[in-house]
Amino acid sequence: MTTSQGQGLRGWIVKGCLSSLTLFGCATSATAERPAPADIRGNAAVSGPEAQPLVAGPIRLLHVNSDGRAEPRFSRVWRRDGAADCKSGTPLAWDGQSEVAIQEDELVCVAADGPARFSWHGRSIVREAPAAIQQASLR
């Protein structure tokens, strides 16, 4: 036969906390591990002054390298219904060396004064899961 004489106040507090956790759930939340963004690489050839597609979003572009013969000019185009025209792009003030985020419905185009080959490096954008709503009640 067990008695509560040896438990004292500390034992009752532990029992009370454990029973309240059982009734109301834990106050902490577990976070699922998200996969690391994948590195993605690609290239594009430009044969003249007309802009060519470089990469479509969503992606975080890290840098673009050229074969050294031509300075790149970047533009951004919104894709509508899967179609995009680099001729109607908005100039993108980007140095090709810093990080820039390209959204889901965007396309980055590249142009040069002469023939050139451009290679790019980026990372996929990991979609954030909606934050779980945390509720607490004193009742």
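Residues numbered from 1 in each chain as written. Predicted model: local features only at pLDDT ≥ 70, side-chain atom pairs only at ≥ 80, totals over all residues. Heavy atoms only, no water.

**Let's talk about the pattern of salt bridges**
Item 1. For the structure shown, the criterion picks out four salt bridges.
Item 2. Put simply, R60 and E99 hold a salt bridge, and the shortest N to O gap is 3.4 Å. With R60 in strand β3 (residues 59–66) and E99 in the loop between β5 (90–91) and β6 (100–102), the pair connects residues that are 39 residues apart, well separated along the chain.
Item 3. With relative accessibility at 31%, the residue R60 sits in the partly exposed group.
Item 4. Here D113 and R73 are joined by a salt bridge, their closest N and O atoms 2.9 Å apart. In this pair, D113 is assigned in the loop between β7 (106–111) and β8 (116–124) and R73 in strand β4 (residues 73–78), connecting sequence segments 40 residues apart. (Salt bridge = Lys/Arg side-chain N within 4 Å of Asp/Glu carboxyl O. Helix = DSSP H or I, 4+ residues; strand = E, 2+ residues; numbered from the N terminus. Buried < 20%, exposed > 50% of the residue type's maximum accessible area, 1.4 Å probe, protein only.)

**Some points on the confidence of the model for the chain**
Item 1. With 65% of its residues at a pLDDT of 70 or more, the chain shows a mean pLDDT of 77.
Item 2. Of the regions scoring below 50 in pLDDT, residues 17–30 engages in five contacts with residues more than four places distant in sequence or in other chains. (pLDDT = per-residue confidence, 0-100. Contact = heavy atoms within 4.5 Å.)

**Points about the side chain of E106**
Item 1. Of note, E106 is situated in strand β7.
Item 2. You can call E106 buried: its relative accessible area is 3%.
Item 3. Not counting residues up to four positions away in its chain, the partners in contact with E106 are A56, G57, R76, V77, W78, R79 and A101.

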